[in-house]
Amino acid sequence: MTDTATPTTTSAALEQAAREQDLVDRVVASFAGCPDPRLRQVMQSLTRHLHAFIRDVRLTEAEWNTAIAFLTDAGHISDDERQEFILFSDVLGASMQTIAVNNEAYENATEATVFGPFFIADAPEIPRGGDIAGEAPGTPCWVEGTVTDTDGNPVSGARIEVWEADEDGFYDVQYADGRVAGRAHLYADEDGGYRFWGLTPTPYPIPSDGPVGRMLAAVGRSPVRASHLHFMVTAPGYRTLVTHIFVEGDPQLEIGDSVFGVKDSLVERFEDQAPDTPTPDGRDLGGRPWARTRFDIVLAPRA
Ligand code: BEZ
Ligand code: FE
């Protein structure tokens, strides 16, 4: 090879980089006249990051077509009950990152985590000490705690929504029979206290029969979520808290949660109780084993 090979290659590479950068600049500039400054910022930043990704991995046209086919499949499988784009956001950690950005750490306030697709707004009200399980199968679990502000003052009347999968790993809405089970809402008492019967959470997979499931399989990732119980807590003057508690000792905590929802501060001890152990409210469980846990909730003030 002669000495001229390197300068020639370098100038071609420079020309290539200049063409790629010119395209980025022109697309960014196309949004310059956007009258909404926030929309302008979002679209220009999206353009820069998207082009940087394409250039970074030197995306092939076949790969881009695969991505388009993936998004098309996600659209086709989505409907009022199935939302594949949220699942995609969840498994990429984008949902958790958005939650992190929007729920800034505040003193000792309880951490937020992913909402998930299985909340419904009109779950039945139960009295304190009531049972959310309905007909859902599983090991009964006594859940109790308090809702306070960051100074420890009770948040009397806080509305607590709870929902969870049954021991077979399904939420009520995943059955075709219209059942309402494993979900309810209740209110904290004047001391901020709450208590209810639920089910000991078990691990379950996120829906994996669509493009997101195929993507997880292709990259060798598990669709399984760590065992958890969902909470949403609302009270006037406080930031709405959407969170879960996780089960200490659940092996899935080590393996990894498929949607990156686990925070150490949300892992709680669930204490298994032998059959015939007296229950806190005197409920007769017919000799079945049960469990109990405690989750004290601290709300941040509304910004
Ligand atoms: C859930 O916890 O129910 C869930 C969260 C994210 C994706 C799928 C399910
Ligand atoms: Fe869940």
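Right, let's walk through the structure included here. What you are looking at is a predicted structure, and each value in this text was computed from that prediction instead of being measured.

### With respect to the environment of Phe118
Alright, step 1. By secondary structure assignment, the location of Phe118 is in the loop between α5 (94–102) and β1 (140–149).
Alright, step 2. Taking the relative accessible area as the measure of exposure, Phe118 reaches 10% and is therefore buried.
Alright, step 3. Considered as a pair, Phe118 and Arg183 are 65 residues apart in the sequence and their alpha carbons are 9.9 Å apart.
Alright, step 4. Sequence-distant contacts of Phe118, defined by excluding residues within four places in its chain, comprise Trp163, Tyr171, Val173, Gln174, Arg183 and Pro207.

### Topic: the packing of aromatic side chains
Alright, step 1. Under the defined criterion, the tally for this structure stands at 13 aromatic pairs.
Alright, step 2. Ring plane angle 20° and centroid distance 4.4 Å describe the contact between Phe118 and Tyr171, whose orientation is recorded as stacked. Taken as a pair, Phe118 in the loop between α5 and β1 and Tyr171 in the loop between β2 (159–163) and β3 (183–187) lie far apart in primary sequence, 53 residues in all. Here the two residues Phe118 and Tyr171 agree in accessibility, since each one is buried.
Alright, step 3. Look at Tyr171 and Tyr204: their rings are 5.4 Å apart centre to centre, the planes differ by 80°, and that puts the pair in the edge-to-face class. Of this pair, Tyr171 sits in the loop between β2 and β3 while Tyr204 sits in strand β5 (residues 204–205), placing them 33 residues apart in sequence.
Alright, step 4. Sitting over the ring of Trp197, Arg283 keeps its end group 5.1 Å from the ring centre.

### Side note on the coordination of the iron ion (ligand 2)
Alright, step 1. Coordination sphere of the iron ion (ligand 2), protein contribution only: Tyr171 (OH), Tyr204 (OH), His228 (NE2) and His230 (NE2), at 1.9 to 2.1 Å.
Alright, step 2. One can describe the site at the iron ion (ligand 2) as irregular: its six donor atoms subtend angles covering 54 to 175° at the metal.
Alright, step 3. All donors to the iron ion (ligand 2) come from one chain, and their sequence spacing reads Y-x32-Y-x23-H-x1-H.

### Side note on helix α6 (residues 211–219)
Alright, step 1. Along α6, the residues that are buried comprise Pro211, Val212, Gly213 and Leu216.
Alright, step 2. Its buried side turned inward, α6 meets α3 (61–77) and α4 (84–91).
Alright, step 3. Remark: Gly220 follows α6 within two positions and exhibits a positive phi of approximately 75°.

### Here's the deal with the site of ligand 1
Alright, step 1. Contacts to ligand 1 come from Leu87, Asp90, Gly116, Pro117, Phe118, Tyr171, Tyr204, Ile206, Arg225, His228, His230 and Val259.
Alright, step 2. In this structure, Tyr171 approaches ligand 1 through a side-chain N or O atom, which is 3.3 Å from an oxygen atom.
Alright, step 3. Note that an oxygen atom of ligand 1 is positioned 2.6 Å from one of the side-chain N or O atoms of Arg225.
Alright, step 4. Out of a free accessible area of 260 Å², ligand 1 has 100% covered by protein chains.
Alright, step 5. At the level of secondary structure, the elements contributing two or more residues to the shell around ligand 1 comprise α4 and β7 (228–234).

### A closer look at the pattern of salt bridges
Alright, step 1. Throughout the structure, instances matching the rule amount to 17 salt bridges.
Alright, step 2. Taking the shortest distance from any N to any O, the salt bridge between Arg292 and Glu144 comes out at 3.1 Å. Note that Arg292 is positioned in strand β11 (residues 290–294) and Glu144 in strand β1, a separation of 148 residues in sequence.
Alright, step 3. Salt-bridge contacts for Glu248 lead to Arg269; the nearest nitrogen and oxygen are separated by 3.2 Å. One end of the pair, Glu248, is in the loop between β8 (241–247) and α7 (251–255); the other, Arg269, is in the loop between β9 (267–268) and β10 (271–273), with 21 residues separating them in the sequence.
Alright, step 4. For Glu248, a relative accessible area of 42% corresponds to the partly exposed category.
Alright, step 5. Via salt bridges that share partners, Glu20, Arg55 and Arg58 belong to a single interconnected network.

The rules behind each value
- Numbering of residues starts from 1 in every chain and runs along the sequence as written.
- Throughout, the order in which chains and ligands are written sets their labels, letters from A for the former and numbers from 1 for the latter.
- Reporting of local features is limited, given that this is a predicted model, to residues whose pLDDT is at least 70; pairs of side-chain atoms are given and counted only at 80 or more, and all residues count toward the totals for whole chains, interfaces and linings.
- Where side-chain values are given, they derive from all heavy atoms of the structure, hydrogens and water being excluded.
- Numbering of helices and strands runs from the N terminus; a helix is a DSSP stretch of H or I covering at least four residues, while a strand is a stretch of E covering at least two.
- Accessible area is worked out with a 1.4 Å probe on protein chains only. A residue is then buried under 20% of its type maximum, exposed over 50%, and partly exposed in between.
- The criterion used for residue contact is that any of the two residues' heavy atoms lie within 4.5 Å.
- The pairing test for Phe, Tyr and Trp rings, Trp by its six-membered ring, is centres within 6.5 Å, and the orientation test on the planes gives stacked under 30 degrees, edge-to-face over 60, and tilted for anything in between.
- Put simply, a charge is over a ring when the Lys NZ or the Arg CZ is close to the ring centre, within 6 Å, and near the line of the ring normal, within 35 degrees.
- Note that water is not among the atoms used; donors are N, O and S atoms within 2.8 Å of the metal (3.2 Å for Na, K and Ca), so sites may look incomplete.
- The rule is simple: four donors are tetrahedral if all their angles sit between 85 and 135 degrees, four are square planar and six octahedral if opposite donors span more than 155 degrees and the others lie between 65 and 115, and anything that fits none of that is irregular.
- Throughout, near means a residue has at least one heavy atom within 4 Å of the molecule or strand.
- In protein, a polar contact requires one atom able to donate a hydrogen and another able to accept it; more generally it is a pair of N or O atoms within 3.5 Å, and residues adjacent in sequence count only if both atoms are side-chain atoms.
- Calculation of accessible area relied on Shrake-Rupley with a 1.4 Å probe; when residues are assessed, cover is drawn exclusively from the protein chains displayed.
- In the sections that follow, a salt bridge refers to a side-chain nitrogen of Lys or Arg positioned within 4 Å of a carboxyl oxygen of Asp or Glu.

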